[in-house]
Amino acid sequence: RGWRTIGVDLSPAMLQETARKCDLGQPENRSSMALVHGNLAQLDFLTDHSLHLATCLYSSIGMVQGRKHRCRVFEHVARALRPEGRFIVHVHNRGIWVRDPGGLLRMVRDRVRSLTDPVWEFGDRVYAYRGLPSMFLHIYSEQELRNDLIRSGFRIERVLPLNITSSGPLSFPWWLRSFRAGGFFAIASHDQRVPKALEQPDRR
């Protein structure tokens, strides 16, 4: 559709797969796609005010360990967005844990560990996933997502709660969404009122 795109991934294999799918789909557009092997928390290469749209889907932000590093991702995106640009980010909802067998007890244990372990945050999980024996994922609450976006220089336009399978909007979102939503989409724009110190963070 004429968009010039940049894809960033820590996995060279996934970048190769992206290039392969692009070549199979619309090879004439391959020249408009830049694929960057990089870390989401190290997006210094993005030019200020250069992006019309940024997306971070499938709870990829949760794969970044440490709140300061996740906020660093958000800060880079805010810096790189044009004034009219938008950021769309997806996260899983940890409130859904209470519906799992033993989930409430696990939530309590997780909270206690976050108070005693300096590197563990409430919402962190390490579990086996698709052949990976110990995948890390931080699982958000809606309020935590809102707080981190605002702290990083965004103005939140909308938060869309998703159903239990994250396949569509949550029905009756006003009813106990913190414990019913499978995840959230947030749509945000760069808050022009943010001080320059936050808009252009020290990159040393």
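Preceding this paragraph is the structure being described.
A brief report on the enclosed structure follows. Since we're looking at a predicted model, the values are computed, not measured.

Moving on, we get to the sheet that holds strand β7 (residues 154-162). Strand order across the open sheet formed by 4 strands is β3-β4-β8-β7, with mixed pairing between neighbours. One side of each edge strand has no neighbouring strand; the edge strands of this open sheet are β3 (51-56) and β7. Across the sheet, the mean angle from the axis of one strand to that of its neighbour is 15°, orientation sign disregarded. The pairing of β3 with strand β4 (residues 81-92) spans 5 bridges and is classified as parallel. Bridging from a neighbouring strand, L51 pairs with L81 of β4. Strands in contact with helix α2 (residues 67-80) are β3, β4, β7 and β8 (183-190); relative to β4, the strand with the most contacts, it is inclined by about 155°. The sheet contacts of helix α4 (residues 142-151) involve β4, β7 and β8, and relative to β7 the element is tilted by about 160°.

With phi around 55°, S59 is a residue other than glycine that occupies positive phi space. In this fold, S59 is placed in the loop between β3 and α2. We note that L176 has phi near 50°; this positive angle belongs to a residue other than glycine. Locating L176 in the fold gives a position in the loop between β7 and α5 (177-180). Judged by its relative accessible area of 45%, L176 is partly exposed.

A complete count under the given rule lists 13 salt bridges for this structure. Salt-bridge contacts for R177 lead to E142; the nearest nitrogen and oxygen are separated by 3.0 Å. Linking R177 in helix α5 with E142 in helix α4, this pair joins segments that are 35 residues apart in sequence. Several salt bridges converge on common partners, so that one network encompasses R86, R155 and E157.

Here we come to a nonpolar patch on the surface. Together, V98, L104, V108, V112, F172, W174, W175, L176 and F179 give the surface a local cluster of nonpolar side chains, amounting to about 970 Å² of exposed area. If you tally residues by element for the nonpolar patch, the top one is helix α3 (residues 103-116), at 3 residues. With respect to the helices, strands and loops of the structure, F172 is situated in the loop between β7 and α5. Residue classification places F172 among the exposed residues on the basis of a relative accessible area of 54%.

Before going further, it helps to spend a moment on the nonpolar core. Membership of the largest hydrophobic core comes to 28 residues, with the highest contact counts inside it found for I61, F74, F87, V89, L145, L149 and F154. Looking at this core, the element that brings in the most residues is α2, giving 5 residues. For I61, the contacting residues outside a window of four places in its chain are C56, R70, V73, F74, V89, H90, V91 and Y140. By size, the runner-up hydrophobic cluster in this structure holds 7 residues, among which are W97, M107, F122 and L137.

The rules behind the values
Residues numbered from 1 in each chain as written. Predicted model: local features only at pLDDT ≥ 70, side-chain atom pairs only at ≥ 80, totals over all residues. Heavy atoms only, no water. Pairing = 2+ DSSP bridges. Helix = DSSP H or I, 4+ residues; strand = E, 2+ residues; numbered from the N terminus. Axes fitted to C-alpha atoms, helices over the stretch in contact; angles between N-to-C directions. Contact = heavy atoms within 4.5 Å. Buried < 20%, exposed > 50% of the residue type's maximum accessible area, 1.4 Å probe, protein only. Salt bridge = Lys/Arg side-chain N within 4 Å of Asp/Glu carboxyl O. Patch = residues over 30% accessible without salt bridge, like charges linked within 9 Å, V, L, I, M, F, W, Y side chains within 5 Å. Areas by Shrake-Rupley, 256 points an atom, 1.4 Å probe, with all protein chains shown as cover. Core = buried A, V, L, I, M, F, W, Y, C linked by side-chain atoms within 4.5 Å.

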